[in-house]
Amino acid sequence: MSIDIDKIAHRYEELRSERTNWESTWRECAELFNPGRYRDDTETNAHRIPLVNPKLVNSKGILAMRSMASGMQGGMASPVRPWFRLVAKGDPQLIPDGVNAWLDRVTQVMTAVLHQSNFYNATHTLYSDIGTFGTGLLVEIANENGIYFHLVRCGEYVLDINGNDEVDTFFRRLYMTPRQILDRWESAPDLPDFIKRSRERKVMTTERYDVIHAVFPRTDFKPAKRLTAESKPFASVYYLPGGSSGHGTGKACILEEGGFDMFPAFAPRWDVSGSDVYGRSPAMDVLPDCKMLQAMTTTLRKTQHKIADPPLVADQSLRATGVKLIPGGLSFFDSTRTGTTPVAPIHQPEAAALQTVMTAIQEVEQNIDDGLYVDLFRMMLEDQRSRITATEINAKERERIVMLGPVVERLHKELFDPVIRRTFALMQEWGAMPTPPEGVDALDVDVSFESALAQAQRQVTTSNIEAGFAFIGQAAAAVPEILDIVDTDAMGRAYLDRINMPSSVIREESAVEEIREQRAQAAAQQQQMETMNQGVNQLVDATKAMENMSNTNISGQNALEALTSGLGVIR
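The structure displayed is predicted, hence computed values, not measured ones.

**Q** I keep staring at the sheet that holds strand S7 (residues 234-240) and nothing clicks. Help me out?
**A** Strand pairing within a sheet occurs via backbone hydrogen bonds; the two strands may be parallel or antiparallel. With antiparallel pairing, the five strands of this open sheet are ordered in space as S4-S5-S6-S7-S8. Edge positions in the sheet fall to strand S4 (157-161) and strand S8 (253-260), since each of these pairs with one other strand and no more. Sheet twist, expressed as the average angle between the axes of neighbouring strands with direction ignored, equals 15°. Note that strand S6 (residues 209-217) and S7 share six bridges and pair antiparallel. Residue Pro217 lies in a different strand from S7, and its bridge partner there is Phe234.

**Q** Please explain the packing of aromatic side chains as it appears in this structure.
**A** The relative placement of two aromatic rings is captured by the distance of their centres and the angle of their planes. For the coordinates displayed, the defined rule picks out 15 aromatic pairs. Seen in terms of ring centroids, Phe119 and Tyr120 are 5.0 Å apart; in terms of plane orientation they differ by 80°. Their pairing is edge-to-face. Neither Phe119 nor Tyr120 differs from the other in exposure class; each is buried. In this arrangement the basic side chain of Arg173 is found over the ring face of Tyr175, its NZ or CZ atom lying 4.2 Å from the centre.

**Q** Quick question: what am I supposed to make of the pattern of salt bridges here?
**A** Pairs can form between side chains of opposite charge whenever their charged atoms are close. By the definition in use, this model includes 21 salt bridges. Here Asp40 and Arg27 are joined by a salt bridge, their closest N and O atoms 3.2 Å apart. In this pair, Asp40 sits in the loop between helix H2 (20-33) and helix H3 (60-76) while Arg27 sits in helix H2, placing the two residues 13 residues apart along the sequence. Assessed through its relative accessible area of 15%, Asp40 is described here as buried. By sharing partners, the salt bridges in this structure join Glu13, Arg16, Arg19, Glu23 and Asp41 into a single network.

**Q** Hey, could you run me through the sheet that holds strand S9 (residues 265-266) in this one?
**A** Here three strands make up an open sheet; going across it, the order is S3-S2-S9 and the pairing antiparallel. Two strands bound the open sheet, and with one partner strand each, they are strand S3 (146-152) and S9. Where strand S2 (residues 137-143) meets S9, two bridges bridge the pair, whose relative direction is antiparallel. Its bridge partner lying in S9, Leu138 is registered against Phe266.

**Q** Would you mind showing me how to read unusual backbone geometry here?
**A** For residues that are not glycine, phi is negative in most cases, and the peptide bond is trans in most cases. Non-glycine residue Asp165 carries a positive phi angle of around 60°. The partly exposed category is assigned to Asp165, whose relative accessible area is 34%. Despite not being glycine, Tyr373 has its phi angle at roughly 60°, a positive value. Among the secondary structure elements, Tyr373 is positioned in the loop between helix H10 (351-371) and helix H11 (374-381).

Criteria and cut-off values
- Residues numbered from 1 in each chain as written.
- Predicted model: local features only at pLDDT ≥ 70, side-chain atom pairs only at ≥ 80, totals over all residues.
- Heavy atoms only, no water.
- Pairing = 2+ DSSP bridges.
- Helix = DSSP H or I, 4+ residues; strand = E, 2+ residues; numbered from the N terminus.
- Axes fitted to C-alpha atoms, helices over the stretch in contact; angles between N-to-C directions.
- Phe/Tyr/Trp six-rings, centres within 6.5 Å; stacked < 30°, edge-to-face > 60°.
- Buried < 20%, exposed > 50% of the residue type's maximum accessible area, 1.4 Å probe, protein only.
- Lys NZ or Arg CZ within 6 Å of the ring centre and 35° of its normal.
- Salt bridge = Lys/Arg side-chain N within 4 Å of Asp/Glu carboxyl O.

If you want it as structure tokens, here you go:
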């Protein structure tokens, strides 16, 4: 399938133009909350931009964002505790035996694969990107060495969405030296001569050039029996822009064309308004507070400096000799000039004013903490025990967790669920999947999240089950028939599902039915044995009674003969 590079380059420029309104806000947020994470893709010296903001006088925004990122990692996808598991989708009664145990094994292997990659390092920074800019871009690639995640900095990419408001297109800028370009694409047929000639120089230049990586769905894709890299559903194109980007004259040229079976990137957004491509962040909500905090801190420092080293006024007679204000300094003045203070402060702020400014700063800092959910995450991070359960989180911060609910659900949908599904497919492609049970050719797999925040969200519904079960139990004491309205099996499975009980330890419904059938058979056999024993006991008692009657003497007759003769009289 042919690629129209001019059309792709034009689309890139259009998407950059649509992104313009966000750039100034991103730049301000980066300066106050996340210095170094924004790179303007029009800047030719972006790699030399200082990684710190020299104008920053209060680091509260940076520290709060760091706490939020750490809290998001601990609450959403912690590297030290299970946070997801694979489950079979569909009717549990139709799931073949052994599938759930196999999926638990796959979950363990996938967890190990993610640990061996840089997934947790990349996602930790991704949380701060989402919290600062409202959007992040994470690209997953795989080869014979394993899985690798590349986090693209804000400002270096543009996105586009489909009709379902899902991100399915990205362009990212790679700012590369000639050496880097030649290492990857020296055999590219359209590689410009000024890049090829760079190897002939005695000293290879360190000048950098734009390389654009575009990934988008192919509009002319048609399924085929054998898919090559150039004919997969998602196109992947590396190209050098034309002369307008400072690369000399000429048209854009393709360096590499490939493709993906699945969209390889994940672009989670904190919050999205309507059909916007880019999301809003909590840092944007407290951006005015952080700006005000810088001004207030500047005033505080000036006030403190005035108190510690106030401006002075000195007697005119000291102009010639000067005054030594250093510790232990000795100055001379005319003592005959009575009523004159040789040196005195001309303005010294009162301590009460200093306390007022500090109190106001604390209020603004608390606003920033509230906007970035620092108190919630700090409670999770600073817990002295090794683990904190979702029930404890729910009891302490129920309202805040409910407020985070939309964010948690969006991250599940736009980040974690796609990551797990793509990693599952890559493990199948590279032969890293455990052997499935016999008879399982195709399986529709779902992802169940069991992180601290995900469990806390579900704990709200488990309280309803617990309250309902307690009510039914109490009411059954007076009205036993009320138990008929509750499917206890369904209630128990629903509760275990909400607390993410591993499916491998939960019996299949067929196994439960078999156990109950065996129990019923055992009970029936026990009842039959008891009935037979009762009959035998009755026969033994009757025999003993007959023997007793035959041994009893009544007027020359035993009791049995008397009974028999009596029956004869009746006859």
